[in-house]
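Close look at the chain arrangement
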Amino acid sequence: MNNSFRNSARLAWAALRALLVLTVVTGVIYPLAVWGVAQAAFNGKANGSQVKVDGKVVGSSLLGQNFNLPKKNPSDANETAQPDPKWFQPRPSAAGTDGYDTTASGASNLGPSNPKLVQTVNDRRKQVAEFNGVSPSQVPVDAVTASGSGLDPDISPEYAKLQVDRVAKARHLDPAKVAKLVADHTDGRQLGFLGEPTVNVLELNIALQQLAG
Amino acid sequence: MSPILADVLQVSALIAALALVYVPLGDYMAGVYSSKKHLRVERWIYRSIGANPDTEMRWPAYLRGVLAFSLVSVLFLYLLQRVQNHLPGSLGFAAVTPQQAFNTAASFVTNTNWQSYSGETTMGHVVQTGGLAVQNFVSAAVGIAVAVALVRGFARSRTGELGNFWSDLVRTTVRILLPGAFIAAIVLVACGAIQDFGNWHAMTTLTGGSQGMPVGQVASQEAIKELGTNGGGFFNANSAHPFENPNAFTNLFEIFLILVIPFALTRTFGKLVGSVKQGYAILAAMFVIWLGFVVLMTWSEFAHPGAALHAAGGAMEGKEQRFGVGGSSLFAVSTTLTSTGAVDSFHSSFSAFGGGIALLSMMLGEIAPGGTGSGLYGMLIMAIIAVFIAGLMVGRTPEYLGKKIGGREIKFAACYILITPAVALIFTALAMALPTPIHSAANPGPHGFSEVLYAYTSAANNNGSAFAGLNANTDWYNTTTGLAVILGRFLPMVFVLALAGSLAEQRPVPETAGTLRTEKPLFAGLLVGTVIIVTGLTYFPALALGPIAEGLS
C-alpha cells in the first residue's frame, strides 16, 4: 500500500512539473513572442485599430458604437436612448442596456419562434421605417436584427443607402454627396466571395462629419 | 454575385486549402510520433519533469499519465482563478467563485471550454494567458496523444506497449501546436485581432458617449483556441467579437484552423498503420458527413423558417454582417462537428432546424472530423462497430486492420459509445425533472428544453458551445456541467486506451479473400451509415421534443 502511495505521489509530482514547464512555454514565452512581433509589425492593429479625429481617439474601427441623442435624464435607467438623425445608425445591439457596451459583448439569444423576438423585430421595422421615412417593406434584415457580438461595426449597403436622405436632410447636405460618401465607404465581399458586403458605420460617420465641416 | 454562389465559392476555397495541407501535415505528424530523436528543448522539458521519454508504457501506465496530468491541471487552474484578486494584471476582477472556478477548470482541462462566465468581466491577464490558454494547448495535446496511442494499438503486435505519454504530450505541444498557433496568431493580428497588455481605458465616442477599449492577449489565445479545437472565447461574444474575428477572411481562416488537424490526423493514422488508403476511408466518411451537414445547415439558414426570422426577412439575429448567413452556417457546423464550440454567431437564434443540426452534430460524437485526437479515436471506435455489424451480417469474426475484433474489444467500443449519451441524457432528464433548473432557460416551450439538452450534449461531448439563452452560472449548472465534461472526457479515454492495449497484445490475422476491405468506398459508406444510425437513434426522442417540435409548430 505504501508502495502504491509513493508511486502515485511520484506520478503527481511529475505531472505537476510537466504542467509548470508547459505553462512557461505556452503561457509565458508563446504569448510574449506573439506580442513582440505584433507590437513591432502591426502596432496599430494589435492595439485595437483605434481611430483618431483631430488627434483624439474616438473609437475602434472594428467596434461598433452608438450614435444616439443625449438622454434627457442620464440617471434614469429606464429611459431608452433615441437615435440621432444626424448620424448613420448601426445595427440593433444586445450588448448592455443601451447597446454597444464592450464590457457586455453578446447576442439576444432569443429563439427563432420566440414571440418576444417577433414583437421586437416588428417594433424595430416600424421604428426604422418611420425614422427614415420609408415603407416598412424596404427595411433590410440587418436593420431589424441584433448582431452576435453586439459590437458589429458594419451595416449592409442597403441599410446605409436607406439612411442617406434622412441624414442629408438633418444636416442640410446635398443627398447626392451623402450617397457618394456611402458608395465610397461600401466594401464588397473580401476577395470577391468571402462574407457579405459591408459599410463601416464609424468610418462613414467620421467622413460625414468632415463633409459637414 | 448572389450570396449563395459566393458561399459555394467560400466553401470550395476552404476545402481546397484543407486538401493542400492534408498530405504534408499528416506526414509531418506521423513523423513526429515515430521519430526517435528528441529536440533540445524537449530534452530540457523531460529533465524538468524527471521522465524518461523512451520508456514504453502499457495502457494502464499511459492512462495513469493522462489522468494524473489532467487532475493536476484541474487543481492548478482552479487555484489560479481562486486567487485571481492577488495576481498581477487581474484588471481589478475578484476571485472567481468556487462553483464557477471548478466548472471552468474542468471545462478547459477537458478541451470543452464551456463557459459560464463572461471573459471581459471575469478573467484577468494571468488567468487568461497563463491558465486558460495553456490548457488550450495541453488539453488538445492530451487528446491527440490518446488517439496516437490507439493507432499504435492497431499498428503494433504482441507487445501491449503504446508509447510514452510524456513524450507524446510534449512533442504534440512543441512540434505541432506551438509552431501552428504562432503562425496563426500573427495572421490574426495582421487582420486586426488585438495583442496588448495594460488596462481597459475609456474612449470618448464620436457623439461624446463613452466606450471601454478592451485589452488582452487575444490573438495568441484565439489561434490555439481554434487550432486545438478548444473554443473558449476571450470575450463573451467568442469569435463573433470583432477583436477575435475581425473580418470574413479571418472567419474562414479560423474555420480552417478548427478543421485542419482533425482531418490531417487521418493521414497520420494511415501512415502509422502502414496503409494511407485506410486513412482515406476514414477521411471520406468524415468529409461526407461534414459536407452534408454544411449543406443542410446553409439551406436551413438561407430559407430561415420560424416566425421571428420570417418577420425579419432573414436569419440574421445573432449573426454578424461581415460573415453573413453563409459564413456563419459554415462556422456553426464546423465548430459542432469538432469538439470546438467556438461560435461566430449565436446558435440559439438559428432557425429551429439549424439549431437542431448543430445539436445533432455534437450528438454524433464529434467525429466528422471531431476534436484534435478525440475525433480520430471516436471515428475509429465507430469503424470497429461498423466492422462488427458487417461481420454479423456475413457470419464471420470481424477484423479491422489485421486485428480480431473479439468480445473484449467490442465491449470496450460499446461502452465508449454508450457513455456520452448516457451522461448527456441523464443530466438533461434530471434538470427537467427538478423544479429549479428549468428557470435558467430564456425561451419558452420546446426551445427552452432545447437549451437544456444543448447544454448537456455540449458538455458531455466536450464541445462547449451553447444555446446561450440558458443562464448557466448557477450552482446547479456549474456543478452538473462540470461533472458532465469530466465524465464525458475521461471515461471514454479509459475505454479507448484499454482497447488500444488489447489490440496491441494481439498477433495480426493474415488477410484472406473473406476479409472486409476497410479501405474501400463501400466501407466508408457503411461507416457513415453506422454513425448516423447508432448515434442518431440514441438521441432521436430527445430531438423530437426539442428542435423538431419547435420546427414543426
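These numbers come from a predicted model, not from an experiment. (Residues numbered from 1 in each chain as written. Chains lettered and ligands numbered in written order. Predicted model: local features only at pLDDT ≥ 70, side-chain atom pairs only at ≥ 80, totals over all residues. Heavy atoms only, no water.)

A few points about the overall build of chain B
Put simply, the rule is: Labels follow the DSSP assignment, with helices taken as runs of H or I lasting at least four residues and strands as runs of E lasting at least two, numbered in each case from the N terminus. What the globule rule says is 2.2 Å times the number of residues to the power 0.38, and the radius of gyration is computed from C-alpha atoms. Contacts: residue pairs with any heavy atoms within 4.5 Å of one another.
Within chain B, the regular secondary structure consists of 18 helices and 6 strands. On C-alpha atoms alone, chain B measures out to a radius of gyration of 22 Å, which is about the 24 Å that the 2.2 N^0.38 rule sets for 553 residues. Its C-alpha atoms put chain B at 80 × 60 × 50 Å along the principal axes. Considering only intrachain contacts with a sequence separation of at least 6, the fraction spanning at least 24 residues in chain B is 78%.

Here we look at the overall build of chain A
Note the cut-off: Partly exposed residues are those whose accessible area sits between 20% and 50% of the maximum for their type, while under 20% is buried and over 50% is exposed, using a 1.4 Å probe and protein chains only. Only the protein chains shown count as cover for residues, and the accessible areas themselves come from Shrake-Rupley with a 1.4 Å probe. Charge counting treats Lys and Arg as positive and Asp and Glu as negative, with His and both chain ends excluded. Just so you know, the charge point we use is NZ for Lys, CZ for Arg, CG for Asp and CD for Glu.
Secondary structure assignment for chain A yields 6 helices and 5 strands. Each helix (α) and strand (β) of chain A, taken in turn from the N terminus, gives the series α-α-β-β-α-β-α-α-β-β-α. For 213 residues, the compact-globule formula gives about 17 Å, and the C-alpha radius of gyration of chain A, at 24 Å, lies well above that figure. The principal-axis extents of the C-alpha atoms in chain A amount to approximately 85 × 45 × 45 Å. Within chain A, buried positions represent 49% of all 213 residues. Restricting the contact set of chain A to residue pairs at least 6 apart, pairs at least 24 apart contribute 57%. Summing over all exposed atoms, chain A offers an accessible surface of approximately 9900 Å²; the carbon and sulfur share of this is 56%. Taken as two groups, the 21 positive and 18 negative side-chain charges of chain A have centres that lie 8 Å from each other.

Details of the environment of B:F350
With respect to the helices, strands and loops of the structure, B:F350 is situated in the loop between α12 (324–337) and α13 (352–363). Considered as a pair, B:F350 and B:M297 are 53 residues apart in the sequence and their alpha carbons are 9.5 Å apart. For B:F350, the residues in contact, after removing those within four places along its chain, are A:P112, B:M297, B:E301, B:L309, B:K319, B:S328, B:A332, B:S345 and B:G355.

Digging into the nonpolar core
Test applied: By nonpolar core we mean a set of buried residues, namely Ala, Val, Leu, Ile, Met, Phe, Trp, Tyr and Cys, connected to one another through side-chain atoms within 4.5 Å.
With 162 residues, the main nonpolar core has B:F69, B:F165, B:W166, B:I282, B:W290, B:M379 and B:Y400 as its most contacted residues. Filtering out sequence-adjacent residues up to four positions away, B:W166 remains in contact with A:L11, A:A14, A:A15, A:A18, B:Y46, B:A51, B:M57, B:G65 and B:F69.

Description of the interface of chain A and chain B
Where we set the bar: Here the buried area means the combined drop in accessible surface, using a 1.4 Å probe, for two parts upon being joined, counting both sides. Each salt bridge in this description consists of a side-chain nitrogen of Lys or Arg and a carboxyl oxygen of Asp or Glu lying within 4 Å of one another.
The partner chain B presents 101 residues to the 94 residues of chain A that form the contact. Carbon and sulfur atoms make up 66% of the area that chain A and chain B hide from each other, which totals about 7500 Å². The interface formed by chain A and chain B includes 2 salt bridges. One salt bridge in this structure joins B:R322 and A:D152, with 4.0 Å as the shortest N-O distance.

Observations regarding unusual backbone geometry
All names here are of chain B. Note that the residue after A368, namely P369, is joined by a cis bond; omega there is 5 degrees. Note that P369 resides in the loop between α13 and α14 (374–394). The phi torsion at L91 lies on the positive side, around 60 degrees, for a residue other than glycine. Looking at where L91 falls in the secondary structure, it is placed in the loop between α3 (59–82) and α4 (98–109). A positive phi angle is found at H304, which is not glycine, with a value near 40 degrees. Among the secondary structure elements, H304 is positioned in the loop between α10 (276–303) and α11 (307–312).

Comments concerning the domain arrangement of chain A
The line we're drawing: The source of the domain bounds is an automatic or database domain assignment.
You can read the domains of chain A as domain 1 (2–45) and domain 2 (49–212). Inter-centroid distance (C-alpha atoms) of domain 1 of chain A to domain 2 of chain A is 43 Å.

Remarks on the packing of helix α15 (residues 407–433) of chain B against helix α17 (residues 475–505) of chain B
Residue and element names in this part refer to chain B. We apply this condition: Every axis in this analysis is a line fitted to C-alpha atoms, fitted for helices over the stretch in contact. Angles between the N-to-C directions lie between 0 and 180 degrees. Roughly parallel here means an angle under 35 degrees, roughly antiparallel means over 145, roughly perpendicular means 65 to 115, and every remaining angle is called oblique. Amino acids are sorted into nonpolar (Ala, Val, Leu, Ile, Met, Phe, Trp, Tyr, Cys and Pro), charged (Asp, Glu, Lys and Arg) and polar (every other residue, Gly among them).
Running from amino to carboxyl end, α15 crosses α17 at an angle of 175 degrees, the nearest separation of the two axes being 8 Å. With respect to each other, α15 and α17 are oriented roughly antiparallel. Split into classes, the residues belonging to the contact of α15 with α17 amount to 20 nonpolar, 3 polar and 3 charged.

Quick look at the pattern of salt bridges
In this structure the tally under the stated criterion is 18 salt bridges over all chains. Between A:E196 and A:R189 there is a salt bridge; the shortest N-O distance is 3.2 Å. Taking relative accessible area as the criterion, A:E196 reaches 17% and is therefore assigned buried. Take A:R189: its relative accessible area is 14%, and that puts it in the buried class. Between B:E56 and B:R156 there is a salt bridge, with the nearest N and O atoms lying 2.9 Å from each other. Taken together, the positions of B:E56 in the loop between α2 (40–49) and α3 and B:R156 in the loop between α6 (125–155) and α7 (165–191) put the pair 100 residues apart, joining distant regions of the chain. On the accessibility criterion, B:E56 (35% relative accessible area) is partly exposed. If you follow the salt bridges from partner to partner, you end up with A:R91, A:D152, B:E320 and B:R322 in one network.

Description of helix α3 (residues 115–132) of chain A
Applicable threshold: Expected helix span is taken as 1.5 Å per residue step, with the number of steps being one fewer than the number of residues. Each C-beta atom gives one direction from the helix axis, and the arc is the one those directions make. In the analysis that follows, any N or O atom pair within 3.5 Å is treated as a polar contact, provided that within protein one partner can donate a hydrogen and the other can accept it, and provided that, for residues neighboring in sequence, both atoms belong to side chains.
With 18 residues, α3(A) should cover 26 Å at 1.5 Å per step; its first-to-last C-alpha distance of 26 Å lies within 8% of that length. Turning to α3(A), its buried residues are A:L117, A:V118, A:V121, A:R124, A:R125, A:V128, A:A129 and A:N132. Viewed end-on, α3(A) has its buried residues packed into an arc of 130 degrees, placing them on one side of the element. Opposite the buried face of α3(A), by more than 90 degrees, sit the exposed residues A:P115, A:K116, A:K126 and A:E130. As for α3(A), its buried residues are in contact with α4 (157–171) of chain A together with α11 of chain B. Sitting at the head of α3(A), A:N114 places a side-chain oxygen 2.9 Å from the backbone nitrogen of A:K116. Positive backbone phi, approximately 65 degrees, marks A:G133, located one or two places after α3(A).

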